Every structure is written in C-alpha cells, then in structure tokens.
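Descriptive structure summary
Next come the chains, spelled out residue by residue.
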Amino acid sequence: MLNLEHVSYSYPGSFKPVVSDFSMEIRPGGIYGLLGANGSGKSTLLYLMSGLLRPASGSVTFNGQETFKRLPSTLTDVFLVPEEIDLPAVKLDKYVALNAPFYENFNRDEMNRYLEHFRLDPDIHLGRLSMGQRKKAFVAFALACNTSLLLMDEPTNGLDIPGKAEFRRTIVSAMRDDRTIIISTHQVRDLERVLDHVAIIDKNGVVLNASIAAIQERLVFRFTTDPEEINGALWSMPVPGGYNVVRFRGEGVEETDVNLESLFELSFSNPQLTNAL
Amino acid sequence: MIDKFSWSRVWFLIRRYFNENFRQLSMTIGVIFGIMLFFAITINKSCSDFADFSSVGFGLWLILFAIIGFSLTVSGSLTFSSTATKPKRIVAMMVPASKAEKFVSLLLIYNCFGTLTIVLCAFLADALTSLMFLHSPFFVQFFSFFSEVMGKIKVEDYGLEIFFAIISLVCGSLICSMATYTLGSSLWPKKSFLKTFCVMFAIQVFLPLFIPTDLAMRLIHWIAETNFDNVNIHLLAWGGIALIYIFSGLLYWLAWRRYRSTQLIQKFMMD
C-alpha cells in the first residue's frame, strides 16, 4: 500500500539529512504508531508519505503512484491531519459542503457520529472554537472522508484529558480492515491500547518495527515495587513508587499490555533485541 | 477519480476559495473601492473637464489610472497568498485536485476576477462621484475624448489602428505587470508585493550597469543610422506589442513551473 524505499531527505540549505536511507512498508489495515524523539524526523516522514515533500533520493509510493506527484486519485485517498490546523472561519456545515465533494467516500452520518464522540454540536462555527475543539472537528471530518490512508501528526497535542480519551475511542471505532492510520507522536501514553503496530525511529532509520501482538508474544511489561525483580530484566527504570521492568515472556506467563514508554527506552538501549522482534 | 484536468474540480476550488475567504476578499475589495472613491472625489473637486490638458485634473485622472494599475499588481501579488504559511500550504497542497487545476483556479480568482472587480470598482467610484457632482462619468468623458482625438489624428488613415495599438499596449502592459507580480507571488507568497517591487526596482537600477558600454553605444549608433523610412513601422509597433504579450506568457509559464514544483518546505518559503 505505502512503500518507502531508501528515502533520504534534507531541508533546503542543509547538508545534514533529516531522513537517511529510510525504508518501510505499510500494509493495509491497522493503526501504526510512528514514535520517535523530538527532531527524529517523524513529521518529515509524514510529509514525505503524503507527498508534501519530495525525497532527495529513493521513492515513496502509495498504491504504486509516487506521492510527490500529488495526483487527485492519490490525494482523494490520503488525508493528513497536521499538528497545526488551519480552518476557515465558517460554519461546520459550510466547511463540509465546500470540502466533502473532493472526497468520494465522505459520509456525513459517520461524521455526525464522530462529532458526538467528541461531544461537539454539528451546528458549530469553526471560527469560534478553541484549538482543541477545532482539532476534534477536523479529526471527525478526516475520519468521515474514509480515505484508505489517514496520517496524523501529533493529534493529541492541544486536547484536554477527556479529549484524549475521546480521541482514542473515536479512532478505534472508526477502524476498518481496509483503512490504515499512521499516528506520529512523542506522547506515547496517549496512544496506549490503540496501536496495532509500532515503528520507533531515530535519525538513522527504523529502530523497531513490529506489531503489538508480536511484542506481547515476546515481552512482558510490569510495574514492581520489589528491587529484586530488576535482576535479569531486559530493561528497568525507577519510577515514582517502584520500577518499570521489561522481561522476556516465559512459557505460561500471562500477556501484558505494552508499555510504550518502556518499549521506546528499551529499543534504544538494546537495538539488536528489538530488531529481533 | 480521473487525474486529467477537470473543470468541475476547478469550479469546486473556486467556490471553496471564495466561501472560505469571503471576509478577507470583501475587505480587500472594500479598501480598493475606498481608495478609488477618495481619488475620484478629489479629482472631481479639482477639475470637471477632462479634455483640459492644462488643468490639474488631467494629471489627477492619470493617478486614477495608476491606482487601477497598482491594484492589478496587488491582485497579482496575492495570487499564491493561500500558500503563505505552513498550515495554509498543507491545506492547499492536500486538496484532492491536480496542480494545474489549483494553479488555474488561483489565476482565475486573482488575475481574471481580480481585474474585473478592480475595473468595476473604478467604474462604480466614478459613477458615484459623478452623481454627487452632477458631471458625466469620467469613463464616458474619457472614451468620448479619446474617440474625438482619434478622429482628428489621420496618420494615413490609420486612426483606428492606432486606437487598437494603444489599447493593446495598455492592456499588454497591465497584463505584463500582473504576470510579474504573479511570478513574484509564486516565489515569495509572503509579503510578495514588497519583495517583488524591491526586486523590480533593483533590476531597473542595476541592470543598465551590467550592459557593456560598447554594446549600448553600438545600439545607439544603429538607431541613429537606421533609415526608418524603409522600416515597416506598423510591423515594428505590433511586433513590440506582441513581444509584451509573449513576455507575459513567459512569466506566467515560469510562475506555473515554480507552483508545480512547490513543496511544503523549500527555499523562499522557510515558514
């Protein structure tokens, strides 16, 4: 579906590449988390995926078409929710009437349902909303466009605590087998229990690229107050009141939720192991 | 969805642009109309007889023409203002329409609709002022004066040709300046008018310095020595006018090349 092959990119006037020889294949279906530290090139990768940037070398293709060409047939099936959203000061109804005709699979009923999830009135004026509310309205529109590929850059930035929970619920409810959502974030806690797949990146490329199911099969993530449990752990970190520990999952050991923060740290401290995943 | 050029998508883009930027566009038109009305009133107070060359009014009427020209260049420099900031650029670039459709829609909005609006504003300002001062509208006076002058000039009965040549020259110059500022807008969507103006000014000041002296001298000699009796003056005039249109086309083509290769982050757009 989406293929990045040996992609390199540097900003104009800079010789230092932001993305260097990056390769990745995204298959249809599932929610991908694109995680990385600040400046690791997450947003740049999303821009390359959506065709907003042209790779200096390598190629980014969506269903066989190079994305930088930004053909209508590609753009109608790819939607990008940027970190900073620019919405016109018009009523939501008008915004939908003006923008929905570009998206063949747009569904107004679905949009109303998503707005309901976000506790937003369909009769709102976009110019009179807070930043968080604007983001929610835009995410609702983006999901209702029913594009095969939905890219989101730091979507939980600017959302309040209930808003983040609403966001998780809405995303999960909007998932279908033929839809792929790629969420780039550094706020990993906001996406726990939402992701199907995790890709952790740094400036040199992919550090970890694995499905949540594969990670759960191999590793267990625990919080413990017993310092003895640190011994023999793959990774541990003192946290208020105890330790976060990652271990290999032995036979008969119960599956645990993936602690993305611990996985993130582990992937950098033990790249060989994470590659094996 | 078809990837080839679609006029229905162009229409959707124009409709979307007008509706989403209604307030900003109305304010811009309002300001242009206000400036024109102000000058039209000032002109009408100073002089009521356009045909009087010696009066101050004639010069002031020329100012009104200059304002029309200035407004057209401003309109041209706003062509790609929708890509002035990064969030706006993302929205504009991600709309499912081809680059050519987006380019054509912006040209139609700022170059064609812009020109019509500016000319209409000038007519309206003039008509309104004329009602206030009970003079016949300036444009009516202007055209009657112009046709009267044309009637008097009998250069081998080429009066009508001169009329069309002047009209073509004025229109060509306006299109050319609009195309220049449109190209400027594609290079610097932010503060485009000021930047393009500075570049044009710098070119006019510094370009002559780069022309080799001997080449300039040879050109002057050639003009001085040429016997223009043998030159087809009509061909020369129309050729010159045609060159203006060809040059304008070239500027639009360069603007298209620049727009086509637009990326979210690139030189001159580091926002």
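Predicted model, so just to flag it, every value in this text is computed and none were measured.

Thresholds, definitions, all that
Residues numbered from 1 in each chain as written. Chains lettered and ligands numbered in written order. Predicted model: local features only at pLDDT ≥ 70, side-chain atom pairs only at ≥ 80, totals over all residues. Helix = DSSP H or I, 4+ residues; strand = E, 2+ residues; numbered from the N terminus. Buried ≥ 20, exposed ≤ 12 C-beta atoms within 10 Å, placed from the backbone. Contact = placed C-beta atoms within 7 Å. Pairing = 2+ DSSP bridges. Axes fitted to C-alpha atoms, helices over the stretch in contact; angles between N-to-C directions. Arc of directions from axis to C-beta. Domains from an automatic or database assignment. Nonpolar A, V, L, I, M, F, W, Y, C, P; charged D, E, K, R; others polar. Parallel < 35°, antiparallel > 145°, perpendicular 65-115°, else oblique. Left-handed = near helix turned anticlockwise from the far one by under 90°. Core = buried A, V, L, I, M, F, W, Y, C linked by C-beta atoms within 7 Å. Right-handed = clockwise from strand over helix to strand, strands pointing away. Expected span 1.5 Å × (residues − 1). Bend = angle between axes of the 7 residues up to and from the residue.

What follows deals with the overall build of chain B. Of the regular secondary structure elements, chain B holds 10 helices and zero strands. The helix and strand sequence of chain B, counted from the amino end, reads α-α-α-α-α-α-α-α-α-α. With 271 residues in all, chain B has 28% of them scored as buried. Restricting to contacts in chain B with at least 6 residues of sequence separation, those with at least 24 account for 76%.

The next thing to look at is the overall build of chain A. Looking only at helices and strands, one finds nine helices and 13 strands in chain A. Each of the three principal axes of chain A carries a C-alpha extent, and together these read 60 × 45 × 35 Å. Residue burial in chain A is summarised as follows: out of 277 residues, 40% are buried.

If you look at the interface, chain A gives 29 residues, while chain B gives 25 residues. Of all elements in the fold, only helix H1 (42–50), helix H2 (72–75) and helix H3 (92–99) of chain A reach the threshold of two or more residues within the side of chain A that touches chain B.

Let us look at the sheet that holds strand E4 (residues 57–62) of chain A. Through backbone hydrogen bonds, the strands of a sheet pair up, either in parallel or in antiparallel fashion. All names here are of chain A. Sheet architecture is open: four strands sit in the order E2-E1-E4-E5, paired in antiparallel fashion. With one partner strand each, in any of the chains shown, strand E2 (19–26) and strand E5 (65–66) form the two edges of the open sheet. Of the pairings in the sheet, the one linking strand E1 (residues 2–9) to E2 comprises five bridges and is antiparallel in character. From the neighbouring strand, Leu-4 faces E2, where its bridge partner is Met-24. In this fold H1 packs onto E1, E2 and E4, with an angle of close to 125° to the strand it touches most, E1.

Our focus in this paragraph is helix H4 (residues 108–117) of chain A. Residue and element names in this part refer to chain A. Taken together, the buried positions of H4 are Met-111, Tyr-114 and Leu-115. Along H4, the residues classed as buried sweep out an arc of 100° about the axis, all on the same side. Buried positions along H4 lie against H3, helix H5 (131–144) and helix H6 (161–174).

Residues and elements named next belong to chain A. The backbone of Asn-63 shows a phi angle near 50°, a positive value even though the residue is not glycine. By the element assignment, Asn-63 lies in the loop between E4 and E5. In this structure Asn-63 comes out as partly exposed when scored by C-beta crowding, with 15 C-beta atoms within 10 Å. If you check the backbone angles, Glu-154 has positive phi at about 45° while not being a glycine. Positionally, Glu-154 belongs in the loop between strand E7 (149–153) and H6.

With that settled, consider the pairing of E1(A). Inspection of the sheet shows E1(A) paired to E4(A) by five bridges, in the antiparallel sense. Residue pairing across strands places A:Leu2 opposite A:Phe62, the latter belonging to E4(A).

Our focus in this paragraph is the domain arrangement of chain A. All names here are of chain A. Examined at the domain level, chain A breaks down into domain 1 (2–203) and domain 2 (213–276). The interface is formed by eight residues belonging to domain 1 together with six residues belonging to domain 2. Counted by class, the side of domain 1 that touches domain 2 contains five nonpolar, no polar and three charged residues.

Once that is clear, we can look at the packing of helix H1 (residues 7–20) of chain B against helix H5 (residues 99–133) of chain B. All names here are of chain B. Contact geometry of H1 with H5 gives a least axis separation of 9 Å together with a crossing angle of 50°. Judged by the inter-axis angle, H1 sits oblique to H5. By crossing handedness, the relation of H1 to H5 is classed as right-handed. Side by side, H1 and H5 meet where Arg-9, Val-10, Leu-13, Ile-14 and Tyr-17 of the first sit next to Glu-101, Lys-102, Val-104, Ser-105, Leu-108 and Ile-109 of the second.

Here the focus is the sheet that holds strand E6 (residues 78–81) of chain A. Residues and elements named next belong to chain A. If you walk across this open sheet you meet the six strands as E6-E7-E8-E3-E9-E10, and the pairing is mixed. In the strand order of this sheet, the two ends are held by E6 and strand E10 (205–211), each with one partner. The sheet shows a mean angle of 15° between the axes of neighbouring strands, direction not considered.

Our next topic: the nonpolar core. Within the largest apolar cluster, 114 residues are counted, with the highest numbers of intra-cluster contacts made by A:Leu48, A:Ala140, A:Ala142, A:Leu151, A:Val198 and B:Met36. Broken down by element, this core gets its largest block of residues, nine residues, from H5(B). Sequence-distant contacts of A:Ala142, that is, excluding residues within four places in its chain, are made with A:Phe79, A:Val81 and A:Leu150.

All names here are of chain A. When you line up the elements, Leu-34 lands in strand E3 (residues 30–36). Taking the C-alpha atoms as reference points, Leu-34 and His-186, separated by 152 residues in sequence, lie 8.5 Å from one another. Look past the residues within four positions of Leu-34 in its chain and what remains in contact with it is Lys-42, Leu-45, Ile-182, Ile-183, Ser-184, Ala-199 and Ile-201.

What follows covers the pairing of strand E8 (residues 180–185) of chain A. Residue and element names in this part refer to chain A. Extensive coverage of E8 is indicated by the burial of six of its six residues. Burial along E8 is two-sided: the face carrying Thr-180, Ile-182 and Ser-184 and the face carrying Ile-181, Ile-183 and Thr-185 are both buried. Judged from the five bridges that link them, E7 and E8 form a sheet pairing that is parallel. By the bridge assignment for E8, Leu-150 is matched with Ile-181. Handedness of the crossover joining E7 and E8 through H6 is recorded here as right-handed.

With 35 residues, H5(B) extends 49 Å between its outermost C-alpha atoms, agreeing within 8% with the 51 Å of an ideal straight helix rising 1.5 Å per residue. Along H5(B), the sharpest kink reaches roughly 35°, centred on B:Gly114.

Another aspect to go through is the environment of A:Ala210. Residue and element names in this part refer to chain A. Note that Ala-210 resides in strand E10. Residue classification places Ala-210 among the buried residues on the basis of 22 C-beta atoms within 10 Å. Linking Ala-210 and Tyr-32, residues 178 residues apart in sequence, is a C-alpha distance of 9.6 Å.

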